[in-house]
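Fold and geometry: a report
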Amino acid sequence: MEIPKTYDPKITEDKWYSHWLKHKFFKSVPDEREPYTIVIPPPNVTGVLHMGHMLNNTIQDVLIRRARMQGKNACWVPGTDHASIATEAKVVALLKEQGINKSDLTREEFLKHAFEWKEKYGGIILKQLEKLGASCDWDRTRFTMEEDLSEAVIDVFIDLYNKGQIYRGVRMVNWDPQGLTAVSDEEVQHKEVNSKLYYVKYKVEGSEDWITIATTRPETILGDTAVCVHPDDERYKHLHGKRCIVPMANRSIPIITDEYITMEFGTGALKVTPAHDINDYNLGVKHKLEVIDTIAADGKMSEAAKFYVGEDRFTVRKKIAKDLEEMGQIVKIEDIKNKVGYSERTNAVIEPKLSMQWFLKMDKISKPALENVLNEEIKLIPEKYVNTYKHWMENVHDWCISRQLWWGQRIPAWYDGKGNTVVCKTKDEAVQKLKGLNSEVKAEDIRQDEDVLDTWFSSWLWPISVFDGFKHPEGKDINYYYPTNDLVTAPEILFFWVARMIIAGYEYRGKKPFTNVYLTGIVRDKQGRKMSKSLGNSPDPIDLINQYGADGVRVGMLLCSPAGNDLPFDESMCEQGRNFSNKVWNAFRLIKGWETSSEKQSEANKIAVKWFDSKFNEQLEIINDLYSKYRMSEALMTTYKLVWDDFCAWYLEMIKPEFVDGKSLPIDKETYDATINFFEKILKILHPFMPFITEEIWHLIKERDEKDCIIIAEWPESGKTNDIVKHFDIVMEVITNIRNIRKQKNISPKEKLEVFEKVNQGEIIKTYDDIIIKLCNLSKFGYVTEKVDGAFSFVLKHAEFFVPLAQNIDIEAEKERLTKDLEYNKGFLKSVQVKLANEKFVANAKPELLENEKKKQADALAKIKAIEEQLSGLN
RNA sequence: GGGAGCUUAGCUCAGCUGGUUCAGAGCAUCUGCCUUACAAGCAGAGGGUCACUGGUUCGAACCCAGUAGUUCCCA
């Protein structure tokens, strides 16, 4: 059989993915085993896979696959989110392309289009997840707007309303004038921009005096209902209690005082526009100011503005500045930087706006969510996010849950047009209830609230609703899988989503929704910019998979992304991953090519097997520990080194049969079997990271039943380690030293060398000689009692090694090298002796430490003696 | 403006409760090798005043204070 020199992912990935599906290895149903559950952070139904998903889902898959191998009932629930504002925006844009305006459609017509669109493009992202190997239980795929989940959302709304946790009121909200909807605080991104600060003077009523205010938003002047100064501000004390005139609008407004004012900013006088700024709004409430709403929902000036009606607020900003200037009321204009809020979804500048919205009270309901993170009932990984979380939860505001959209769960509130409101599931119910309040009401006059609920108001129920925990609170699934184990998500949505799931978990199950929250970093480009569609700096993960293989990309991403750290993405990482796949592939090729003989196992092979067995156990323990701490990239790196360095570079080189007459000699059966066993173990620990290549080799290395797959193989047990690992560290050092001499003296690796060892202390251990001979290509490894003249040498521990060479030794160079070594060791000795001479050290240090220092002293003395001897031999 | 975090090799990061001459890993770099598993490889090597300043200590990358730079969160 001819095995290709390089691993080709293309011919294995689809094959094994469908094989796994065919045998339902991803499927999970409740049984006797311990469950291990992850619910996917549902991506937007219309989204496409980006690098963030790639990282996120790779981590989830690694966790799930390992748990599955550990014999747990692993269940990874996939699904998508209806993402109301993002999806609706996309559908609106698409319809526009087809010449259809949303405003010309009825709600039903629009939703029909939206569902068609969702059917057509929705779920592409789930197909893409298959490419990277995600082992989700696809039979459990859920969608936040499917019937059952929507029903849960509505029920929760009604329940919270009945509990008095939900209210409707006029509040200042973040208004997206493009999406024509309110958005939550978390959906507003603040960016620093260059703006202008306009100094405008207002005439003080009944005097020739002026008061100058500073504002970045002169277009809101038309809505001013006060000017505010700090009560202690000496500059304005004479104006307390007076009134002034709003320029252009010619309205008289009071000059009020409040300690909220920053005297240092601008002129220390603030124009107050309660309708268009949250702080002004609060001032307005406090001082009972009039509210004049001059900007309409679409961001254009309203009738109430009286001037510039129907023109966009940004156009008006320029116009009014010019007009005020002409009126002589602009004192000056400065350039400043300030922060402006943008809508995360549409990127429009957010307009603070007063409107009627639904809110969820957060103060009480969020308490358990804070407590249980602080007491580590729920762990955030890395821990540093606990601070941020705490800060947010302690200052949480009521959650504006209504959105002026159609795509989403419609708010189950009904109005009779006479000021009566009821909240219930169906219109029939509403009619009944409203009749009780108003016997005159006719069914046709009753209308349902036009708004839908915030998307997060459905996704906060996700860990419960995917297991039908609302429909069947005592169902088998919910009781078995909930609480889930790990949640893997981006820190950006810690508050949007994670915190709210925790809130809902305690409110509706009385239990946490998950135990560990693994927060991944943000994938950035080389320049450190966030990957985004608009910048076009994000590679298509599917392209990467085609180029490097899914395993390669998985390894590449995980190698350098510790939890919570941003990941500056570089394709070369995937290259490293691909190279690693190839390394594993070639180890397989080597082993697969061997023929076995009935010959007895050599001592050298016996040692090699014993060593690797021990080494594997030692490293596996470390790997398991790293997993338990969610240090995924370190677990991978440790695995990587175990495979590449210990297994390939050392172990295989030790046992590799010689090549004679163009043919490899056979290997003894015992060593061969041990090697296959090692290789299988290695494939197992690689499997969570590299599912495809390991499955492929698993089936090639041995005849197996098609159901005997590595995906369900048992995670290896870490057995005992023995002393051989420690001895071997020295053997390796000897080998490296000999290779180094060879390299420095420019001797071809093919030329055989002789090496002699002079043991100065302790017994002579010849066990490893054959291995040294093999790995250094020696003709002889001998022992001497006297030093060998005219040879290159080095000192390790209590032994000296000599490499006699035909070529002349550069005595001066050798002297220099040895002298350097001597100096180093003398320095070392001195540092140890200083420590030991320090009474306070001897008094305070732990006994083990002291012992160790004494041992170091003895070792250093021995080594110095040996080097000095060698040096004297050179003269 | 308020809060949190970060700063260790060219890059990405380890470095647990201060104690091996503690300064480490991978990648990248350099040198020599196409040695029949792998050049996507092998064998070697060189890289760092642990941001800066001061303090605590017998001893500091690690603890404390301040400074600078940087990131994030909140307003």
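Below is a short write-up of the structure. (Residues numbered from 1 in each chain as written. Chains lettered and ligands numbered in written order. Predicted model: local features only at pLDDT ≥ 70, side-chain atom pairs only at ≥ 80, totals over all residues. Heavy atoms only, no water.)

Near RNA strand B, the surroundings consist of 50 residues, among which Asn 586, Lys 743, Tyr 824, Leu 849 and Lys 856 are the closest. Counting only atoms of RNA strand B within 4 Å of the protein, the fraction found in sugar and phosphate groups is 63%. Measuring from a phosphate oxygen of RNA strand B, one finds a side-chain N or O atom of Lys 656 at 3.3 Å. Lys 743 is positioned with one of its side-chain polar atoms (N or O) 2.4 Å from a base oxygen of RNA strand B. Elements supplying a minimum of two residues to the surface near RNA strand B: α10 (385-394), α18 (571-592), α20 (632-655), α23 (724-744), α25 (811-837), α26 (839-844) and α27 (847-873). Broken down by element, the surface near RNA strand B gets its largest block of residues, nine residues, from α18. Its residues assigned to classes, the surface near RNA strand B comprises 16 nonpolar, 16 polar and 18 charged. (Near = heavy atom within 4 Å. Polar contact = N/O pair within 3.5 Å; in protein donor to acceptor, adjacent residues only side chain to side chain. Helix = DSSP H or I, 4+ residues; strand = E, 2+ residues; numbered from the N terminus. Nonpolar A, V, L, I, M, F, W, Y, C, P; charged D, E, K, R; others polar.)

Okay, helix α3 (residues 84-97) next. An ideal rise of 1.5 Å per residue puts 20 Å on 14 residues; α3 measures up with 20 Å between its terminal C-alpha atoms. Within α3, the full set of buried residues consists of Ser 84, Ile 85, Ala 86, Thr 87, Glu 88, Val 91 and Leu 95. Tucked into the core, α3 has its buried residues touching α4 (107-121), β5 (166-176), β6 (181-183) and β21 (452-453). Downstream of α3 by a residue or two, Gly 99 has a phi angle that is positive, lying close to 80°. (Expected span 1.5 Å × (residues − 1). Buried < 20%, exposed > 50% of the residue type's maximum accessible area, 1.4 Å probe, protein only. Contact = heavy atoms within 4.5 Å.)

With that out of the way, let us pick up the pattern of salt bridges. Across all of its chains, the model carries 52 salt bridges by this definition. A salt bridge links Asp 61 to Arg 554; the nearest nitrogen and oxygen atoms lie 2.8 Å apart. With Asp 61 in helix α2 (residues 51-69) and Arg 554 in helix α17 (residues 550-559), this pair connects stretches of sequence that are 493 residues apart. Assigned by exposure class, Asp 61 and Arg 554 land together as buried. Across the pair Glu 680 and Arg 704 runs a salt bridge, and its minimum N-O distance is 2.6 Å. Taken together, the residues Glu 680 in helix α21 (residues 669-686) and Arg 704 in the loop between α22 (691-701) and α23 connect sequence positions 24 residues apart. (Salt bridge = Lys/Arg side-chain N within 4 Å of Asp/Glu carboxyl O.)

This model, assessed by the stated rule, comprises one cavity of 30 Å³ or more. Reported here for the largest cavity is a volume of approximately 40 Å³. Every residue along the wall of the largest cavity is listed here: Ser 84, Ile 85, Glu 187, Arg 345, Arg 403, Asp 454, Thr 455 and Trp 456. (1 Å grid on protein atoms, 1.4 Å probe; cavity = no way out; pocket = protein on both sides within 12 Å on 5 of 7 lines; lining within 4 Å. Points joined across faces, edges and corners; volume = space filled by probe spheres on them.)

Moving on: unusual backbone geometry. In most cases, non-glycine residues show a negative phi, while peptide bonds are predominantly trans. A cis amide bond links Ile 381 to the next residue, Pro 382, at an omega of 0°. In this fold, Pro 382 is placed in the loop between β15 (379-381) and α10. Positioned with a positive phi, Lys 24 is a non-glycine residue whose angle comes to about 55°. Examined against the element boundaries, Lys 24 turns out to sit in the loop between α1 (10-22) and β1 (35-39). Although it is not a glycine, Tyr 308 adopts a positive phi angle of roughly 55°.

This part covers the sheet that holds strand β19 (residues 421-423). Pairing is antiparallel in the open sheet, where three strands are placed in the order β19-β18-β20. The sheet is open, and its two edges are formed by β19 and β20 (447-448), each paired on a single side. Pairing geometry for strand β18 (residues 413-415) and β20, over two bridges, is antiparallel. Along β20, the bridge assignment pairs Tyr 415 with Arg 447. Most of the contacts of helix α11 (residues 427-437) go to β19, to which it runs at about 140°, and overall it touches β18 and β19. (Pairing = 2+ DSSP bridges. Axes fitted to C-alpha atoms, helices over the stretch in contact; angles between N-to-C directions.)

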